[in-house]
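One-letter residues, chain by chain:
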Amino acid sequence: MTNRPTTEFMLSVTPQPTPRRRRPLIVRLLMKPEGAITIAFLLFVVVLAVFAWVIAPVPPNLTDLNTVNAPPFSPGHPLGADQSGRDILSRLAWGSQPTIIGALIVLVVSVLVGVTSGLLAGFFRGKAEGVGTFVSDVIMSLPGIVLLIALYTLTGPNIPAAMAVFGILVAPTYFRLVRSVVVNVRNELYVDAARVVGLSNTRIIGRHVLWAVRGPVIIQSAFIIAAGIGIQAGVDFLGLGDPKQPSWGTVMQDAFNNIYNNPVGVWWPALLISLTILSLVLLGNILRDELQSTGVRPLSNRSKRTLTRDSTARPVKAVPGGENVIAIRGLKVAYPQAGGTITEVVHGVDLDVKPGEIHGLVGESGSGKSQIAFSTLGILPKEAITLSGSIWMDGDDLLADGKRLASARGSKIGYVPQEPMSNLDPSFTIGAQLTYGLRAVRSMSKKEARAELLALLTRVGIRNAEQVFRMYPHEISGGMAQRVLICGAIASGPKLIVADEPTTALDVTVQAEVLELLRELSRERGLAMILVTHNLGVVADICDVVSVMRDGRIVEEADVESLFASPKQAYTQELLASSRSVEIIEEAS
Amino acid sequence: MLTMSILKKLARAIAVFLVVTFVTFCMMFGNGAGIARGVLGLDAQPSDVQKEVVKLGLDQPLLVQYGKWLLGVVTGNLGQSYFTGQSVNEALASRVPVTLSLVIATLILTLVLSVAIGVTAAIFGGWIDRVVQFFTVLGAAVPAFIIAVGLVFAFAIALPLFPATGYVALSDDPTAWLHSIALPVIALLIGSVASAAAQIRGAVLDVQGRDFVRTLRARGIPEGPLLFRHVLRSASGPGLTVLSLQTIALLGGAVFVEQIFALPGIGQLANTSAQQGDVPIVMGIVLVTIVFVLVVNLLGDLANAALNPKARTR
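Rules of the game
- Residues numbered from 1 in each chain as written.
- Chains lettered and ligands numbered in written order.
- Predicted model: local features only at pLDDT ≥ 70, side-chain atom pairs only at ≥ 80, totals over all residues.
- Helix = DSSP H or I, 4+ residues; strand = E, 2+ residues; numbered from the N terminus.
- Buried ≥ 20, exposed ≤ 12 C-beta atoms within 10 Å, placed from the backbone.
- Contact = placed C-beta atoms within 7 Å.
- Nonpolar A, V, L, I, M, F, W, Y, C, P; charged D, E, K, R; others polar.
- Pairing = 2+ DSSP bridges.
- Axes fitted to C-alpha atoms, helices over the stretch in contact; angles between N-to-C directions.
- Parallel < 35°, antiparallel > 145°, perpendicular 65-115°, else oblique.
- Left-handed = near helix turned anticlockwise from the far one by under 90°.
- pLDDT = per-residue confidence, 0-100.
- Expected span 1.5 Å × (residues − 1).
- Arc of directions from axis to C-beta.
- Core = buried A, V, L, I, M, F, W, Y, C linked by C-beta atoms within 7 Å.

Draft legend 1. Summary view of the overall build of chain B. Regarding its fold elements, chain B presents 13 helices and zero strands. Secondary structure of chain B in N-to-C order comes out as α-α-α-α-α-α-α-α-α-α-α-α-α. Expressed along its principal axes, the backbone C-alpha trace of chain B runs to roughly 85 × 60 × 35 Å. Taking all 314 residues of chain B together, the buried fraction comes to 42%. Contacts in chain B between residues far apart in sequence, at least 24 positions, make up 71% of those at least 6 positions apart.

Draft legend 2. Structural view of the overall build of chain A. If you tally the helices and strands in chain A, you get 23 helices and ten strands. Here chain A holds 589 residues, and 44% of them are scored as buried. The contacts in chain A between residues at least 6 apart in sequence include a share of 69% that link residues at least 24 apart.

Draft legend 3. Molecular detail of the interface of chain A and chain B. On the side of chain B, 56 residues touch chain A, which itself brings 55 residues to the contact. Of all the elements in the fold, those that place two or more residues in the side of chain A that touches chain B are helix H7 (144-155), helix H10 (201-238), helix H12 (267-291), helix H16 (430-441) and helix H19 (478-490) of chain A. By residue number, the principal contributor to the side of chain A that touches chain B is H7 of chain A, which donates nine residues. Considering only residue class, the side of chain A that touches chain B consists of 33 nonpolar, 19 polar and three charged.

Draft legend 4. Spatial organisation of the sheet that holds strand S4 (residues 385-393) of chain A. Residue and element names in this part refer to chain A. Strand order in the open sheet formed by four strands is S2-S1-S4-S5, and the pairing between neighbours is antiparallel. Both outer strands of the open sheet, strand S2 (342-353) and strand S5 (396-397), are each paired with one neighbouring strand and no more. Across the sheet, helix H14 (residues 369-377) is in contact with strand S1 (326-336), S2 and S4; its angle to S1 comes to roughly 110°.

Draft legend 5. Structural context of the packing of helix H5 (residues 88-124) of chain B against helix H10 (residues 223-261) of chain B. All names here are of chain B. Interaxial distance between H5 and H10 falls to 8 Å at its minimum, and their mutual angle equals 140°. Judged on the interaxial angle alone, H10 and H5 are oblique. Note that H5 runs across H10; the crossing there is right-handed. Of the residues in H10, those in contact with Thr99, Leu102, Val103, Thr106, Leu107, Thr110, Leu111 and Ile123 of H5 are Leu227, Leu243, Gln246, Thr247, Leu250, Leu251, Ala254 and Glu258. Across the contact of H5 with H10, the residue classes break down as ten nonpolar, five polar and one charged.

Draft legend 6. The arrangement of the pairing of strand S8 (residues 528-533) of chain A in detail. Residue and element names in this part refer to chain A. Along S8, six of the six residues are buried, which leaves the element largely enclosed by surrounding structure. By the alternation rule, side chains of S8 split into Ala528, Ile530 and Val532 and Met529, Leu531 and Thr533, which are all buried. Where strand S3 (residues 358-362) lies against S8, five bridges are found, and the strand directions are parallel. Bridged to Gly360 within S8 is Leu531.

Draft legend 7. Structural context of the sheet that holds strand S9 (residues 545-550) of chain A. Residues and elements named next belong to chain A. Taken together, six strands build an open sheet; the order of strands is S6-S7-S8-S3-S9-S10 and the sheet is mixed. On the outer flanks of this sheet lie strand S6 (413-416) and strand S10 (553-559), each paired with one strand and no other. With strand direction ignored, the average angle separating the axes of adjacent strands in the sheet is 20°. This element, H19, spans S6 and strand S7 (496-500) of the sheet and lies at about 170° to S6.

Draft legend 8. How the structure looks around the pairing of S4 of chain A. All names here are of chain A. Burial within S4 is extensive, with eight of its nine residues counted as buried. Of the strand pairs in this sheet, S1 and S4 are connected by six bridges, and their pairing is antiparallel. Counted as the bridge partner of Ile328 is Ile391 from S4. Of the strand pairs in this sheet, S4 and S5 are connected by two bridges, and their pairing is antiparallel. Across the sheet, the residue bridging to Trp392 is Asp397, located in S5.

Draft legend 9. Fine view of unusual backbone geometry. All names here are of chain A. The phi angle at Glu501 is positive, at roughly 45°, despite the residue not being glycine. Position of Glu501 relative to the elements: it lies in the loop between S7 and helix H20 (508-525). Despite not being glycine, Asp551 shows a phi value in the positive range, around 50°. Tracing the sequence through the fold places Asp551 in the loop between S9 and S10.

Draft legend 10. Fine view of the confidence of the model for chain B. When pLDDT is averaged along chain B, the result is 88, and 98% of the positions lie at 70 or above. At the level of chain-chain contacts, confidence expressed as ipTM amounts to 0.87, with global pTM at 0.84.

Draft legend 11. Representation of the packing of H5 of chain B against helix H8 (residues 174-208) of chain B. All names here are of chain B. In contact at an axis separation of 6 Å, H5 and H8 are set at 35° when each is read in the N-to-C sense. The crossing of H5 and H8 is right-handed. Across the contact of H5 with H8, the residue classes tally to 20 nonpolar, seven polar and one charged.

Draft legend 12. Just the confidence of the model for chain A, in detail. Counting all residues, the mean pLDDT for chain A is 83, and 87% of those residues have values of 70 or more. Counting interchain partners and residues more than four positions distant, the pLDDT-below-50 stretch residues 1-20 of chain A has 18 contacts.

Draft legend 13. Structural detail: helix H7 (residues 144-158) of chain B. The first and last C-alpha atoms of H7 of chain B sit 20 Å apart over 15 residues, in line with the 21 Å expected at 1.5 Å per residue. Regarding H7 of chain B, the residues found buried are Ala144, Phe145, Ile146, Ile147, Ala148, Val149, Leu151 and Val152 of chain B.

Draft legend 14. The arrangement of H20 of chain A in detail. All names here are of chain A. With 18 residues, H20 extends 26 Å from end C-alpha to end C-alpha; this agrees with the ideal 26 Å at 1.5 Å per step. Every buried residue of H20 is listed here: Gln511, Val514, Leu515, Leu518, Leu521 and Ser522. Mapping the buried residues of H20 onto a view down its axis gives an arc of 125°, with all of them on the same face. Those residues of H20 that are exposed and angled more than 90 degrees off the buried face are Thr509, Arg523 and Glu524. The elements touched by buried residues of H20 are S3, H19, S7, S8 and helix H21 (536-542).

Draft legend 15. Just the nonpolar core, in detail. The biggest cluster of nonpolar side chains holds 240 residues, and the ones touching the most others in it are Leu148, Ile149, Ala226, Met252 and Cys487 of chain A together with Ala148 and Val282 of chain B. Counting residues per element, this core draws most heavily on H8 of chain B, which supplies 16 residues. The contact partners of Ile149 of chain A, leaving out residues within four places of it in the chain, are Leu240 of chain A together with Val255, Ala270, Asn271 and Ala274 of chain B.

Draft legend 16. Just the environment of Ile145 of chain A, in detail. Inspection of the secondary structure assignment puts Ile145 of chain A in helix H7. Residue Ile145 of chain A is classed as buried on the basis of its 26 C-beta neighbours within 10 Å. Non-local contacts of Ile145 of chain A, meaning those with residues more than four positions away in its chain, are made with Gly234 of chain A together with Gly252 and Val255 of chain B.

Draft legend 17. Representation of the environment of Gln268 of chain B. Residue and element names in this part refer to chain B. Turning to its location among the elements, Gln268 is positioned in helix H11 (residues 266-276). Given 24 C-beta atoms within a 10 Å radius, Gln268 is considered buried. Sequence separation between Gln268 and Ser195 is 73 residues, and the spatial gap between their C-alpha atoms is 25 Å.

Structure below.
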């Protein structure tokens with residue numbers, strides 16, 4: 001086992017230093033090229049709106065019959081002129097203000113309505129939440145533009161009113177967002193603590209909840225302004241605005257009506273509208289990356305390969321002998337971190353399991369025991385990197401060949417997961433998913449598979465196997481589901497079972513039964529087992545041999561009696577002592 | 001059990017129908033004198049306006065007017081246009097098929113393309129995923145009317161391959177129909193595929209990360225069957241929700257696209273009628289729209305029940 005410290009390893013694969021996170025948001029945005037470009041463009045649009053009276057060469061509605069349909073770059077008309085000889089640049093510049101104001105009305109109304117109702121619904125739950133959710137579902141399912149057209153028959157050309165109504169129509173996006181954030185925050189401890197201390201509801205909302213929702217609301221606002229500009233331009237384009245007031249949409253409408261005489265004219269408003277909306281959407285995405293993501297990106301396949309090649313170049317230790325069902329040598333697993341570095345979580349582990357042996361793998365959470373379990377099955381999460389190591393089974397190294405590992409899954413190694421309910425496919429009956437899994441690794445008819453599975457279900461303690469076979473996962477209990485999963489793991493006749501905390505999610509009485517079942521199956525079938533657990537009681541109950549893990553290393557391995565009688569490592573002693581004190585507390589209560 | 005939940009959904013749909021139509025009705029018919037002045041013209045005498053109000057029945061209490069309209073909905077008589085005298089039923093009957101053919105053609109293509117693109121991006125990841133993400137952001141951001149104008153510019157003016165305006169019914173001449181509807185469908189399709197594909201990608205990635213997929217993989221099921229039999233099956237629920245929302249969004253997009261390509265659908269009718277102040281026609285279109293939305297939602301719920309055993313037995 002190598003004892004190289006993690007930090008040294010990390011330095012060798014860390015080309016770029018981790019960026020400092022505590023700069024102000026605006027600086028962080030400007031440091032990204034895409035952030036700088038979008039912000040610059042939006043700034044340009046704002047300048048266009050505010051200084052229209054300086055930028056525009058002539059008044060927007062000034063007609064000049066000499067310049068009808070003037071092409072771009074004509075003297076005095078940089079972007080050309082329209083069918084009435086009006087200067088397109090001046091009209092677009094003067095049109096920026098109503099467009100932006102329209103979008104801001106949408107923003108203000110939707111934030112006021114959506115955020116307030118979302119805060120109330122999320123904080124008080126109950127009836128208020130039910131009504132709010134119903135109303136927001138109804139509003140979300142209506143096509144807004146049809147309602148805006150209907151509104152026109154009432155108000156006539158009144159863009160502010162239309163934008164205010166559109167604000168209400170998009171308010172549900174804030175409502176849903178804020179409600180879910182508030183529900184999460186509300187369940188968090190610090191709000192409880194605030195309530196215990198005696199803060200009033202308004203203080204709690206003001207202090208904690210508003211702080212938590214501000215990020216998501218800022219991000220959403222970029223998208224809402226974009227939608228507001230789109231709808232404002234759209235409504236004006238349809239001719240539902242004031243024809244005398246230039247805006248991006250009316251310029252677009254005029255240009256489109258004149259498209260045969262001056263086809264280039266549509267490009268300017270179309271570009272201005274699209275680029276503004278696009279900048280806002282990109283800004284929203286960048287904000288989301290900055291404010292919400294962890295910055296962790298899965299490594300590309302190429303850099304994964306490079307990393308693995310470097311570390312497997314070291315000579316593998318001698319091929320282990322044949323008396324083991326499985327032999328793991330020098331296994332190293334790592335995960336990518338923010339800033340392009342990687343962190344090793346399993347530091348070169350060796351593990352041998354003999355036929356029929358129940359091998360406990362214990363340690364606190366984060367010690368790397370599940371990583372080892374997943375590695376033997378090749379079911380590590382996508383972003384995980386197996387840096388080096390070998391897993392020997394029947395004289396072959398499973399890690400050397402992905403196909404070999406895939407064909408060992410199910411047929412040679414079975415897997416019993418931790419949480420029974422989430423590990424059954426909700427869309428299929430118990431029978432269908434068991435049959436399909438079994439027939440994927442063993443060639444047999446559906447009928448044979450069914451007969452064998454029914455017998456096995458009965459064996460794992462399901463009384464009415466025929467009936468359960470036809471049921472869906474949500475119709476059975478957690479204990480039953482775990483029996484079904486055990487049945488699924490052993491059905492194909494593997495030599496080794498990898499069980500990842502198989503009893504943690506179960507009721508105490510069911511736990512004992514499931515452990516008993518695993519022990520019986522191991523004896524009956526000569527099954528070896530790797531049992532991952534943090535519970536030393538489970539270890540004492542069922543295991544033959546124990547490996548104690550800490551920080552990605554196995555610190556002690558011994559048969560179960562000697563480990564409990566005379567633990568050698570200080571960490572093992574600590575673990576034993578703490579688990580005894582837990583037992584005492586549990587018995588006392 | 002199943003019929004109970006359908007009945008519940010139906011009752012809910014009727015409630016939504018009543019609330020939305022009532023609110024819209026009050027909004028639109030609230031100003032009787034305004035409507036009458038719109039019909040007669042701005043320089044009409046106040047006495048004539050008053051006569052017109054009585055003639056159109058706008059002097060009655062709103063609740064009575066709404067009740068009459070609702071009775072008309074049940075008996076299949078939605079009144080007449082204030083301007084042409086044409087019955088609203090007739091106007092809608094000639095217009096609805098145009099919009100429906102536009103929306104349904106777009107929807108079918110959206111379904112095929114967005115599933116193909118979204119699933120591909122989710123499975124392969126890497127540069128394919130990045131390219132898809134880039135184009136979905138782009139396609140979903142640019143409004144349909146700008147895309148439509150761009151298409152007119154490119155394929156009807158600069159490179160005249162398609163007609164810029166006009167509509168031929170499918171029953172008259174299928175080839176000409178296809179020709180007349182190609183650009184409008186593409187205009188709607190780009191945004192629709194982009195936003196649906198992005199969400200379907202997300203749904204597939206979400207299911208791929210679930211525990212049961214890991215367990216099924218550990219049981220020895222190869223990647224291909226795992227994806228097609230198990231992952232896509234579970235992702236189809238959220239995918240369906242995305243598509244039903246997209247269908248409703250298409251109806252909104254159709255308003256613009258019909259205007260630009262001069263397709264005689266309900267979107268175009270809504271726009272011209274609203275600008276004239278032809279309230280019965282606009283109200284009829286609102287009715288059709290709401291019924292369409294409710295039907296789409298109901299179909300979505302039914303399909304979801306068929307796909308999701310949990311929803312079926314609840």
